[in-house]
Amino acid sequence: MEKIRKIIPEERNYTVKCECSMCKNTTEVKVRYGDYLLRFAMNKPAQDCFPYLSVPERETIISGICLDCQKKLFANNYDKKGNWIGACRLAMQ
Ligand SMILES: [Zn+2]
């Protein structure tokens, strides 16, 4: 098992723009550029590339679906205040 790298906010210098397939809004998720390459050039699993993102943020990177639409789609994964409480994976790779 590889140790999880510590990432400081300044290292997340690359903005991934994800267009939501449902509402067409663009969500920007900041990641480290090297991790972005791992994901999109080498197709590594998103949870390995971006361990520092929240699950909903990773979901946005994987499927493009924005945080608001995720709340509608996966309502069971959120509490009444809109905090993510889901325990299972939301989506396919
Ligand atoms: Zn949306």
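The structure presented is a predicted model; accordingly, all values stated were derived computationally and were not measured. (Residues numbered from 1 in each chain as written. Predicted model: local features only at pLDDT ≥ 70, side-chain atom pairs only at ≥ 80, totals over all residues. Heavy atoms only, no water.)

Description of the overall build of the protein
When its secondary structure is counted, the protein shows four helices and two strands. Its helices and strands in sequence order give the protein the pattern β-β-α-α-α-α, from N to C terminus. Counting all 93 residues of the protein, 32% fall into the buried class. Within the protein, counting contacts between residues at least 6 apart in sequence, those at least 24 apart form 36% of the total. (Helix = DSSP H or I, 4+ residues; strand = E, 2+ residues; numbered from the N terminus. Buried < 20%, exposed > 50% of the residue type's maximum accessible area, 1.4 Å probe, protein only. Contact = heavy atoms within 4.5 Å.)

Quick word on the coordination of the zinc ion
With distances of 2.3 Å, the protein atoms coordinating the zinc ion are Cys 20 (SG), Cys 23 (SG), Cys 66 (SG) and Cys 69 (SG). In this structure, the zinc ion is surrounded by four donor atoms whose angles at the metal cover 105 to 117°, and the resulting shape is tetrahedral. Mapped onto the sequence, the donors of the zinc ion take the spacing C-x2-C-x42-C-x2-C. On the criterion of sequence distance, the pair formed by Cys 23 in the loop between strand E1 (14-19) and strand E2 (26-31) and Cys 66 in the loop between helix H3 (55-63) and helix H4 (67-73) is long-range, its members being 43 residues apart. Overall, the relative accessible area of 32% leaves Cys 23 in the partly exposed class. (Donors = N, O, S within 2.8 Å, 3.2 Å for Na, K, Ca; no water. Tetrahedral: all angles 85-135°; square planar, octahedral: opposite > 155°, others 65-115°.)

Comments concerning the side chain of Gln 70
By the element assignment, Gln 70 lies in helix H4. In terms of polar contacts, Gln 70 uses its side chain to reach the backbone carbonyl oxygen of Pro 56, at 3.0 Å. (Polar contact = N/O pair within 3.5 Å; in protein donor to acceptor, adjacent residues only side chain to side chain.)

Some details on the nonpolar core
It is characteristic of soluble globular proteins that their nonpolar side chains tend to be buried jointly. Core analysis: the largest hydrophobic core is formed by eleven residues, namely Val 16, Cys 18, Val 29, Val 31, Ala 46, Cys 49, Phe 50, Tyr 52, Leu 53, Ile 61 and Ile 62. Elements supplying a minimum of two residues to this core: E1, E2, helix H2 (46-49) and H3. (Core = buried A, V, L, I, M, F, W, Y, C linked by side-chain atoms within 4.5 Å.)

Section: the environment of Leu 67
Along the polypeptide, Leu 67 turns up in helix H4. On a C-alpha basis, the gap between Leu 67 and Cys 20 in space is 9.2 Å, while along the polypeptide they are 47 residues apart. Beyond its immediate sequence surroundings of up to four residues, Leu 67 is in contact with Pro 56, Glu 57 and Thr 60.

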